[in-house]
Amino acid sequence: MFLVCLSDFEAYAKKHLPKVTWDYFAAGADESCTRDDNLMAYKRIRLRPRVLRDVSVVDTKTMILGTEISFPVGIAPTGFHKLAWPDGEESTAKAADAMNTCYIASTYATCSMEEIVAAAPTGFRWFQLYIHQKRSASEWLVRRAEALGFQAVVLTVDVPYSGKRREDLRNDFQLPPHLSVKNLEGSFEDHDRSEYGLPANSMEPRLSWEDIRWLQSLTHLPIVLKGILTKEDADLAVRHGVQGIIVSNHGGRQLDGVPATIDALVEIKEIVQDKVEVYLDGGIRTGSDVLKALALGAKCVFIGRPALWGLAYKGEEGLREVLQVLKDEFRLSMALTGCRNVSEIGRHLVQSSRL
Ligand SMILES: Cc1cc2nc3c(=O)[nH]c(=O)nc-3n(C[C@H](O)[C@H](O)[C@H](O)COP(=O)(O)O)c2cc1C
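My aim in this report is to walk through the structure given alongside it, one point at a time.

Thresholds applied
Residues numbered from 1 in each chain as written. Predicted model: local features only at pLDDT ≥ 70, side-chain atom pairs only at ≥ 80, totals over all residues. Helix = DSSP H or I, 4+ residues; strand = E, 2+ residues; numbered from the N terminus. Rg over C-alpha atoms; globule rule 2.2 N^0.38 Å. Buried ≥ 20, exposed ≤ 12 C-beta atoms within 10 Å, placed from the backbone. Contact = placed C-beta atoms within 7 Å. Axes fitted to C-alpha atoms, helices over the stretch in contact; angles between N-to-C directions. Parallel < 35°, antiparallel > 145°, perpendicular 65-115°, else oblique. Left-handed = near helix turned anticlockwise from the far one by under 90°. Nonpolar A, V, L, I, M, F, W, Y, C, P; charged D, E, K, R; others polar. Near = placed C-beta within 6 Å. Right-handed = clockwise from strand over helix to strand, strands pointing away. Pairing = 2+ DSSP bridges. Core = buried A, V, L, I, M, F, W, Y, C linked by C-beta atoms within 7 Å. Expected span 1.5 Å × (residues − 1). Arc of directions from axis to C-beta.

**A word on the overall build of the chain**
Counting its regular elements, the chain contains 12 helices and 12 strands. A compact globule built from 355 residues would reach a C-alpha radius of gyration of about 20 Å, and the chain, at 19 Å, matches this within 12%. Projected onto its principal axes, the C-alpha coordinates of the chain cover approximately 65 × 50 × 40 Å. Counting all 355 residues of the chain, 49% fall into the buried class. When contacts within the chain are restricted to residue pairs at least 6 apart in sequence, long-range pairs at least 24 apart make up 72% of them.

Here's what the structure looks like:
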C-alpha cells in the first residue's frame, strides 16, 4: 500500500483499529467544534509565495531549546501507544530518533520512561507531566525524567478535570487489563484504582501559578507550559520564568468552543515576541500547515493523532513514514514560497486580511 498524505494514514487507522480505540484517539470534547476548527482554520489562511529565489537547496533544520532537529515537527504527548501498536512508546521513541526530531513522552505512556530511553538511548526527548493530587507521585516523575536525560519538562495545564468525550462515555472506554500507566506503577494503592488503572479524579484541580515555582524547585530542566490559549496567560508564563509555551487546546479534547490553535497563536506571539520559544499543536495535517504556523510565529509544531495513525499502520516504520511525508511536504511548501531555510519563513508569507 502506498500512503501519500496524512489522511491516507488516518483512513488506514480508522479501518484497522478496534472501534473503541479509534473513537478514543479521534474524540473531541462535547460537539468537537474546536477539534474540527483546528484543521479548518488552516484552510482559511492564504499564502503569499515569492518566486525566482533559487530554491535548489532548501534546509528544513531548526533549533528548539538549543537542540537541533531535522525539521520543525515533533511528536506531541499522547497516552496509551500500546493501543495502536504492541511495542507502543518504544516504537515512537525509535521513529522520532531516526527522524532526528523531538518526542514528548506522556505521563500516561504504556511503556515506562526507562523503557522509552532504553529503546532509543540517543533520542531527543521531553517529558510531559500531569500533576496528580498525590504530589509525591509527580515529584518522583520529574526527578526520574531528569536523571534519565529528558531535556525538558512539559507541564500540561489544561486538564484540571478531563473534558467530556461523548464517544468514550458511550463506549465506557477503559485501558484493557494487560496495559497500564507504567510510569505511575507503585504510586497509588491498588484499592484506589478505577480510571485507566489510576484513582478516579486524581488530577490536581488546585494547580495554580504558585505551583510553577514548586516545579522549578524540583528540577534544573527547562519548563514548557502546554495548553496556553490567551495572551494573558502567555504573559504570566513569561513572568514565571518558563522557557517555552505550547499553544494547545489538547486537540479539542478539553474545552469545546475555544479557538483553533493557529488563531490563538497570533495574539500570544504579539505579547510574547521572542522572550520565550512558542510552539503549537493541533490540526497539523500537511506541510503547508507547518509553514503557516511558522509564518505566524511558532518555532516548531507537534503532531498528536497523526503519530498514532502512523503507529497503527506499521509501528516505528509507520510513524517514520508519517514524519517523512510531513517533512517532504514542508520542504516543498518552503520551496514553493521561496524560502531556503526556516529563518526566511515569516509573516510576509501570509495574507494580512486573515490576521
Ligand atoms: C488520544 C490522545 C491522547 C492524548 N494524551 C495526552 C497526554 O497524555 N498528555 C497531554 O499533554 N496531551 C495529550 N493529548 C493532547 C496532545 O498532546 C495534543 O495536544 C493534540 O493531540 C494535538 O492535536 P492533533 O491530534 O490534532 O495533532 C492527547 C491527544 C490525543 C488525541
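And the narrative resumes.
**Some details on the packing of helix α1 (residues 6-16) against helix α12 (residues 305-336)**
Where α1 meets α12, the axes come as close as 10 Å, and the angle between the chain directions of the two elements is 175 degrees. Our classification of the angle between α1 and α12 gives roughly antiparallel. Listed contacts from α12 to Leu6, Phe9, Glu10, Tyr12, Ala13 and His16 of α1 are Pro306, Leu308, Trp309, Gly310, Ala312, Tyr313, Val322 and Val325.

**Here we look at the environment of Val350**
Note on placement: Val350 falls in the segment after α12. Judged by C-beta crowding, with 20 C-beta atoms within 10 Å, Val350 ranks as buried. Distance from Val350 to Arg46, taken between C-alpha atoms, is 5.9 Å for residues 304 residues apart in sequence.

**What about the packing of helix α4 (residues 89-98) against α12?**
Axes are the key here: two packed helices are described by the angle between their axes and the distance separating the axes. Viewed as axis vectors pointing N to C, α4 and α12 meet at an angle of 20 degrees, and their least axial separation amounts to 8 Å. Taken together, the axis directions place α4 and α12 in an arrangement best described as roughly parallel. Crossing of α4 against α12: the hand is left-handed. Contacts between α4 and α12 involve Ser91, Thr92, Lys94, Ala95 and Ala98 from the former and Ala307, Leu311, Gly315, Glu316, Leu319, Arg320 and Leu323 from the latter. Within the contact of α4 with α12, the residues separate by chemical class into 6 nonpolar, 3 polar and 3 charged.

**Some remarks on the site of the ligand**
Around the ligand there are 23 residues in total, and Ala76, Ser106, Gly251, Gly304 and Arg305 lie nearest to it. Class assignment of the residues belonging to the shell around the ligand gives a composition of 7 nonpolar, 12 polar and 4 charged.

**A word on the pairing of strand β11 (residues 277-281)**
The element β11 is largely enclosed, with a buried count of 5 among its 5 residues. Residues of β11 alternate between two faces, with Glu277, Tyr279 and Asp281 on one and Val278 and Leu280 on the opposite face, all of them buried. Between the parallel pair strand β10 (residues 244-247) and β11, the chain is carried across by helix α10 (residues 261-272), and the sense of this crossover is right-handed. As judged from the 3 bridges shared by β11 and strand β12 (residues 300-303), these two strands associate in the parallel manner. The residue of β12 that forms the bridge with Leu280 is Val301.

**With respect to the nonpolar core**
Counting 106 residues, the largest nonpolar core has Val153, Val154, Ile245, Val247, Ala293, Ala298 and Val301 as the members making the most contacts within it. Looking at this core element by element, the count peaks at 13 residues for α12. Setting aside residues no more than four positions away along its own chain, Ala293 makes contact with Ile262, Leu265, Leu280, Ile284, Ala298 and Val301.

**Points about the pairing of β10**
With burial as the criterion, each face of β10 is covered, one bearing Gly244 and Ile246 and the other bearing Ile245 and Val247. Sheet analysis places strand β9 (residues 223-228) next to β10, joined by 4 bridges and oriented parallel. Paired with Val224 across the strands is Gly244, a residue of β10. This β-α-β element, β9 to helix α9 (residues 231-239) to β10, shows right-handed connectivity. In this sheet, β11 lies alongside β10 in parallel orientation, the contact comprising 4 bridges. In the strand pairing of β11, Gly244 is matched with Glu277.

**What about the environment of Phe188?**
With respect to the element layout, Phe188 can be found in the loop between α7 (166-171) and β7 (193-195). Overall, Phe188 belongs to the partly exposed group, with 17 C-beta atoms counted inside 10 Å. For the pair Phe188 and Asp263, spaced 75 residues apart in sequence, the C-alpha to C-alpha distance is 40 Å.

**Section: unusual backbone geometry**
Positive phi, close to 55 degrees, is recorded for Leu52, a residue that is not glycine. Residue position: Leu52 is located in the loop between α3 (33-43) and β1 (62-64). Not every positive phi belongs to a glycine, and Leu65 is a case in point at roughly 45 degrees. Along the polypeptide, Leu65 turns up in the loop between β1 and β2 (67-69).

**A closer look at helix α6 (residues 135-147)**
With 13 residues, α6 extends 19 Å between its outermost C-alpha atoms, agreeing within 8% with the 18 Å of an ideal straight helix rising 1.5 Å per residue. Turning to α6, its buried residues number three or more, namely Ser138, Leu141, Val142 and Ala145. One face of α6 carries all of its buried residues, which in axial projection span an arc of 95 degrees. In α6, the exposed positions angled more than 90 degrees off the buried face are occupied by Ser136, Arg143 and Ala147. The inward-facing, buried residues of α6 abut α5 (113-119), β5 (124-129), β6 (153-156) and α8 (210-218). Phi turns positive one or two residues past the end of α6, at Gly149, with a value near 95 degrees.

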